[in-house]
Amino acid sequence: MNHFARLGLPAALDLEPAALDRAYFALQRQWHPDRFVAKPPEERAKASTEAAALNDAYRTLKDPLSRAVYFAELKGVELPADGKTIDDPELLMEAMEAREELHEAGSAEAVHALAAKAREDMKNSLARLGSLFLRDDKPAIRKALLRLRYLDKFAEEARARRMNLERSSA
Amino acid sequence: MAYSEKLIDHYENPRNIGSLDKNSEDVGTGLVGAPACGDVMKLQIKVGADGLIEDAKFKTFGCGSAIASSSLVTEWVKGKTIDEAGTIKNTDIAKHLALPPVKIHCSVLAEDAIKAAIADYRAKTAKVDDPAKSTGKDESQAAAE
């Protein structure tokens, strides 16, 4: 069963966060181990398997980027697995230059500005994904998702760098 | 997780960080990435007239194991022919640095980076050696910018 079906939601790129939360919390109550303590072991085991699968589905669908990657997989777009490399020069040059810029940013404010730009870029890129799926343009979807992965990593690195800079200036 | 002394040494004192002129005819540039972890690695070689790699530089944004793997490779390839450098295997890198299993992919990145740098260098020299193509070189370079 795919993660959307498990939560009783239609498979879609865009999900209303409140609808996802509602579906998750209702099912989580239904499969809560406390309700199965007095039940036979098979039922207890099934409840715990369901609860784990439910958590996995919720985690995957909650974050817009991980949801987009998952939705793309359902649509037959394969992204490189762990340990697989890519050599797209345009994408990697952009990622390399962004990381260099971040590395050279000397103040928490400068890092903050770069992070804000990356977040804005992510938001816009995620918003544009919908039309790529409508056209079923798999290479473009793949490239957009890879680029988003690098933007996501950039945002993570920017947070770490900002904390370091704030700590050293405090 | 316990890291080996060699790995920590390469991470704390990385060799050959920097850049070579990517437009130079005797420089090959390899740019590779591992999207699953967001790493990006640039590895460059400068080949002398004698066919030996006389300089190598790298720039890696990634975890300590990725930095150590690329640092080690730049050290290894210096003084080698490009054919010899092309035989470097990720398993050699992983073994030398005693990379833990979850970090093996960092050595794969370094192997792919040196292979890409060699391929770039070969593509450049093939263009120079081929008189039919060398006339249109300036335009093709301008288009690639």
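As a starting point, this report considers the structure included with it. These numbers come from a predicted model, not from an experiment. Per chain, the residues get numbers from 1 upward, laid out in the order the sequence is written. Chains carry letters from A onward and ligands carry numbers from 1 onward, assigned in written order. Totals for whole chains, interfaces and linings use all residues, but because this is a predicted model, local features are given only for residues with pLDDT of at least 70 and pairs of side-chain atoms are given and counted only at 80 or more. Side-chain metrics in this entry use all non-hydrogen atoms of the structure; hydrogen atoms and water are not considered.

### Some remarks on the pairing of strand β3 (residues 53-61) of chain B
Residues and elements named next belong to chain B.
Working step 1: Note: strand β2 (residues 39-47) against β3, 8 bridges, orientation antiparallel. Paired with leucine 43 across the two strands is phenylalanine 58, which belongs to β3.
Working step 2: If you look at the hairpin formed by β2 and β3, you'll find 5 residues sitting between the two strands, and glycine 51 has a positive phi there, around 85°. At least two DSSP bridges between two strands are needed for those strands to be called paired. A helix here means a DSSP run of H or I that spans at least four residues, while a strand means a run of E at least two residues long, and both kinds are numbered starting from the N terminus.

### Here we look at the environment of alanine 113 of chain B
All names here are of chain B.
Working step 1: Within the secondary structure, alanine 113 sits in helix α5 (residues 104-129).
Working step 2: The rule is simple: take the accessible area with a 1.4 Å probe, protein chains only, and divide by the maximum for that residue type; under 20% is buried, over 50% is exposed, in between is partly exposed. A relative accessible area of 0% means that alanine 113 is categorised as buried.
Working step 3: A sequence separation of 39 residues divides alanine 113 from threonine 74, and the C-alpha atoms of the two residues are 10 Å apart.
Working step 4: Here a residue-residue contact requires only that any non-hydrogen atoms of the pair lie within 4.5 Å. Aside from chain neighbours lying at most four places away, what touches alanine 113 is Gly30, Val32, Met41 and Leu43.

### Let's talk about unusual backbone geometry
Working step 1: For aspartate 136 of chain A, which is not glycine, the phi dihedral falls at a positive 55°.
Working step 2: Tracing the backbone through its elements, the reader meets aspartate 136 of chain A in the loop between α6 (108-135) and α7 (138-169).
Working step 3: Overall, aspartate 136 of chain A belongs to the partly exposed group, its relative accessible area being 42%.
Working step 4: In this model, alanine 98 of chain B sits at a positive phi of 50°, which is unusual for a non-glycine residue.
Working step 5: With respect to the helices and strands, the residue alanine 98 of chain B is situated in the loop between α4 (90-97) and α5.

### Some words on the sheet that holds β2 of chain B
Residue and element names in this part refer to chain B.
Working step 1: One open sheet accounts for 3 strands, arranged β1-β2-β3; its pairing is antiparallel. At either end of the open sheet lies a strand with only one pairing partner, and these are β1 (27-34) and β3. Going from strand to strand, the sheet's axes swing by 15° on average, the running direction of each strand aside.
Working step 2: The sheet contact formed by β1 and β2 spans 8 bridges and is antiparallel. Note that in β2 the partner of alanine 34 across the bridge is aspartate 39.
Working step 3: In the packing of helix α2 (residues 64-77) onto the sheet, contacts are made with β2 and β3, and the angle to β3 comes to roughly 175°. Inter-axis angles, ranging from 0 to 180 degrees, are taken between N-to-C directions of lines fitted to C-alpha atoms, where helices are fitted over the stretch in contact.

### Observations concerning the packing of aromatic side chains
Residue and element names in this part refer to chain A.
Working step 1: Two aromatic rings from Phe, Tyr or Trp, using only the six-membered ring of Trp, form a pair when their centres are within 6.5 Å; if the ring planes differ by under 30 degrees the pair is stacked, by over 60 it is edge-to-face, and anything between is tilted. Under the definition given, this model contains 7 aromatic pairs over all chains.
Working step 2: An angle of 5° between the planes, with centres 3.8 Å apart, marks the rings of tyrosine 24 and tyrosine 58 as stacked. Of this pair, tyrosine 24 sits in helix α2 (residues 17-30) while tyrosine 58 sits in helix α3 (residues 41-62), and the two are 34 residues apart along the sequence.
Working step 3: Relative accessible area serves as the criterion here: at 7%, tyrosine 24 is assigned to the buried category.
Working step 4: Residue tyrosine 58 is classed as buried on the basis of its relative accessible area, which comes to 14%.
Working step 5: Arranged with centres 6.0 Å apart and planes meeting at 10°, the rings of tryptophan 31 and phenylalanine 36 form a pair that is stacked. A single burial state applies to tryptophan 31 and to phenylalanine 36, both of which are buried.
Working step 6: The structure contains a cluster of three or more aromatic residues connected by ring pairs, namely Phe4, Tyr70, Phe71 and Phe133.

Everything listed here is a matter of geometry and, on its own, says nothing about what the molecule does.
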